[in-house]
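Residue strings, one per chain:
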Amino acid sequence: MSELKTQMEKRRTYAIISHPDAGKTTLTEKLLLYGGAIRLAGSVKSRKAQKHAVSDWMEIEKQRGISVTSSVLQFDYDGYRVNILDTPGHQDFSEDTYRTLMAADSAVMLIDVAKGVEAQTKKLFHVCRQRGIPVFTFINKLDRFGKNPFDLMEEIENVLGIRAYPMNWPVGIDGHYAGVYNRKLAQIELFEEDNAHGSAIRASKVGGVEDPAFREILGADVHQALCEDIELLDMAGDAFDMEKVLAGELTPMFFGSAMTNFGVRPFLEEFLRLAPQPVPRVADVGKIDPASEMFSAFIFKIQANMNPAHRDRLAFMRICSGKFTRGMEVYHKRTGKMVKLAQPQQFMAQERTIVEEAYPGDIIGLFDPGVFGIGDTLCEAGQDFSFQDFPVFPPEQFAKVQAKDSMKRKQFVKGMTELTQEGAVQVFRQPDSGIEAFIIGVVGSLQFEVLEYRLKNEYGVNIIMDRLPYSVARWLVGEKDSIKAMKGMDSGMIVEDIKDRPVALIGNEWSLNWICERNPDIQFFEVPAE
Ligand code: G4P
């Protein structure tokens, strides 16, 4: 097998999606621990402590260095090369979070056993579904009391519309689970006491479910209850079907506790075995085979270093096919120019290192002198294609932005244009309004702060920002006149996006339904219809 193919087949590139506090930081840290990338768990903790302390943008800025290194982590485990993409929750929630999913081949959905499916998990799950990204589920915090596992399966199905297939099942009593049952091997794995507060790999005992020793340890009642659960799962549950997993119709489900290292190794091993290796990516010339010798990649995230003295930016590139070597020159499709991929960096645990070579599935941070934009395609000279456009995500918060000083108009427009290209915010215009103001839309309010800060620091423009009372945007398709005379828009606003497509900004879902009913000749889309 070619070196490229061997390297590609061992890559697993995934994102962890969850609601804040479900335990993403803790699980990531434990994966590094099990992968041997960090000796004692605890090193990601400083990031966590700071994360909770974040109160304003200046604080976030100070942490840029930290969040850059945490954007993607790479480690080796059992022959696999693992790339974990960070999708920040919390105050950091933004379009970036969604876009990062574009670079993943699969996702791990982390759910708190006591809380079930929460709001942000739902949003991120839907993006995965739309993009056809297979989702694996890890039910976390099993060291605590929580919902019944059968109820959780049902909740996942009802709330997310996907069937769950438990790969393992908790053994013991709620709040005091002793281990997990591996359905494929019909084996029980009981974990020894956690004497190291989760900082060391937890020892376990493995054996067949019928082994009398386990019956004795667990007690006859618990053992009997487990056997009944297993029978019920086998009889009433779905069959395991990898095709369905890859098609996003079934989610393999695991149980564990990231904090106490309970069930972490069984999850990691099975997940890495099942998770897809780099998948073909859709381009305007058809699918690009990752095993092709031809190098190709796309940019999915741009992170500006907020230090005005440097003004350097990092562009994150996902390799889609071929081999990357340091210093190579590639064709930048959008500008039609060759660019040298300078200072390629990779992120191993907490360190940045210069990359000599990389393969499909790998993520590299590139020094960006301002040429890259979100969604840009890079490929070998002589090739000429673009990867599928990055989707636009429906903004949920809106504001009107104007330059405080009208003399700064030029810089203001330049800044707004450049920052929009970079994907910092979505921009809309109020047709015929005559004023030099932009309506901006974001998915997380941090994006407002970033915009204000960057316009001031990078373009020298102070702005006036007025938040607008809308939470829903819908792209409209219909006759121009009907759109202009749309009924029920007294408290809404019609704007145009950068491609001059009409968009309605509406107060809430309830008003939206009301407006939809009264305008049957207009179609409403969550994202622009192509
Ligand atoms: P996040 O990145 O998804 O936001 O979650 P994070 O890992 O920061 O975890 C959120 C809280 O949940 C932390 O508690 C963490 O210790 C706890 N946690 C994570 N996994 C488990 C688990 O398996 N079991 C239990 N019981 N708790 C878990 P905290 O009080 O905010 O921080 P700390 O005082 O524990 O450091």
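Keep in mind that this is a model prediction, so the values were computed, not measured. (Residues numbered from 1 in each chain as written. Predicted model: local features only at pLDDT ≥ 70, side-chain atom pairs only at ≥ 80, totals over all residues. Heavy atoms only, no water.)

Structural notes on the overall build of the protein
Logical step 1: Looking only at helices and strands, the protein has 16 helices and 31 strands in total.
Logical step 2: The buried share of the protein, reckoned over its 530 residues, is 53%.
Logical step 3: The long-range fraction of contacts in the protein, counting pairs at least 24 apart against all pairs at least 6 apart in sequence, stands at 73%.
Logical step 4: Per element, the accessible surface of the protein, about 23400 Å² overall, is 49% carbon and sulfur. (Helix = DSSP H or I, 4+ residues; strand = E, 2+ residues; numbered from the N terminus. Buried < 20%, exposed > 50% of the residue type's maximum accessible area, 1.4 Å probe, protein only. Contact = heavy atoms within 4.5 Å. Areas by Shrake-Rupley, 256 points an atom, 1.4 Å probe, with all protein chains shown as cover.)

Notes on helix α7 (residues 119-131)
Logical step 1: Over its 13 residues, α7 runs 19 Å from end to end, which matches the ideal 18 Å to within 8%, given 1.5 Å per residue.
Logical step 2: Residues of α7 that are buried: Gln 120, Thr 121, Leu 124, Phe 125, Val 127 and Cys 128. All buried residues of α7 project into a common sector of 155° when viewed along the axis, lining one side. Structural note: α7 exposes Ala 119 and Gln 130 on the side pointing more than 90 degrees away from its buried face.
Logical step 3: Along its buried surface, α7 packs onto β1 (11-18), α6 (95-100), β4 (106-112), β5 (135-140) and α8 (149-160).
Logical step 4: Looking one or two residues past α7, Gly 132 carries a phi angle of roughly 70°, positive in sign. (Expected span 1.5 Å × (residues − 1). Arc of directions from axis to C-beta.)

As for the environment of Leu 419
Logical step 1: Within the fold, Leu 419 resides in helix α13 (residues 409-422).
Logical step 2: Beyond its immediate chain neighbours, meaning those up to four positions away, Leu 419 contacts Ala 424, Val 425, Leu 451, Arg 454, Leu 455 and Tyr 459.

Digging into the packing of α13 against helix α14 (residues 446-459)
Logical step 1: Contact geometry for α13 and α14: axes closest at 10 Å, N-to-C directions at 125°. The orientation of α13 with respect to α14, classified from their angle, is oblique. Judged by the sense of rotation from one axis to the other, the crossing of α13 with α14 is right-handed. Taken together, the residues of α14 that come into contact with α13 (itself represented by Gln 411, Phe 412, Lys 414, Gly 415, Met 416, Glu 418, Leu 419 and Glu 422) are Leu 451, Arg 454, Leu 455 and Tyr 459.
Logical step 2: For the contact of α13 with α14, the class distribution of residues is six nonpolar, two polar and four charged. (Axes fitted to C-alpha atoms, helices over the stretch in contact; angles between N-to-C directions. Parallel < 35°, antiparallel > 145°, perpendicular 65-115°, else oblique. Left-handed = near helix turned anticlockwise from the far one by under 90°. Nonpolar A, V, L, I, M, F, W, Y, C, P; charged D, E, K, R; others polar.)

Describing the sheet that holds strand β29 (residues 493-497)
Logical step 1: Pairing is antiparallel across the open sheet formed by eight strands, whose spatial order is β27-β24-β26-β25-β29-β30-β28-β31. Whereas interior strands pair on both sides, the edge strands pair on one side only; in this sheet they are β27 (463-468) and β31 (523-525). Sheet twist, expressed as the average angle between the axes of neighbouring strands with direction ignored, equals 40°.
Logical step 2: Sheet analysis places strand β24 (residues 397-403) next to β27, joined by six bridges and oriented antiparallel. Bridge pairing in β27 links Lys 400 to Asp 466.
Logical step 3: Lying on the sheet, helix α16 (residues 509-518) is in contact with β28 (472-477), β30 (502-506) and β31; it crosses β28 at an angle near 20°. (Pairing = 2+ DSSP bridges.)

Some points on the nonpolar core
Logical step 1: With 81 residues, the main nonpolar core has Met 317, Phe 324 and Leu 341 as its most contacted residues.
Logical step 2: The biggest single contributor to this core is strand β15 (residues 313-321), with six residues.
Logical step 3: Summarising the domain contributions, this core has at least three residues from each of domain 1 (12-71 + 105-274) and domain 2 (281-379).
Logical step 4: In contact with Met 317, other than residues within four places in its own chain, are Phe 295, Ala 297, Phe 298, Ile 299, Phe 300, Phe 324, Leu 341, Asp 362, Ile 363, Ile 364, Leu 366 and Leu 378. (Core = buried A, V, L, I, M, F, W, Y, C linked by side-chain atoms within 4.5 Å. Domains from an automatic or database assignment.)

So, the pattern of salt bridges
Logical step 1: For the structure on display, the rule yields 28 salt bridges.
Logical step 2: Of the charged contacts in the structure, one is a salt bridge between Glu 155 and Lys 147, with a shortest N-O distance of 2.9 Å.
Logical step 3: In this structure, a network of salt bridges that share partners links the residues Asp 105, Arg 281 and Arg 318. (Salt bridge = Lys/Arg side-chain N within 4 Å of Asp/Glu carboxyl O.)

With respect to the confidence of the model for the protein
Logical step 1: On average, residues of the protein score 86 in pLDDT, and 88% of them reach the 70 mark or higher.
Logical step 2: Highest mean pLDDT in the protein belongs to β5 (98); lowest belongs to helix α5 (residues 64-70) (42).
Logical step 3: Note on residues 40-70: pLDDT under 50 across the span, and 57 contacts to partners over four residues away in sequence or across chains. (pLDDT = per-residue confidence, 0-100.)

Looking at the sheet that holds strand β8 (residues 176-182)
Logical step 1: An order of β7-β8-β9-β10 is seen for the four strands of this open sheet, with the pairing classed as antiparallel. Taken across any chain shown, the strands that pair with only one partner, and hence form the sheet edges, are β7 (168-173) and β10 (204-208). The mean inter-strand angle of the sheet, taken between neighbouring strand axes irrespective of direction, is 25°.
Logical step 2: Where strand β9 (residues 187-191) and β10 come together, five bridges link them in antiparallel fashion. When the bridges of β10 are listed, Gln 187 appears paired with Gly 208.

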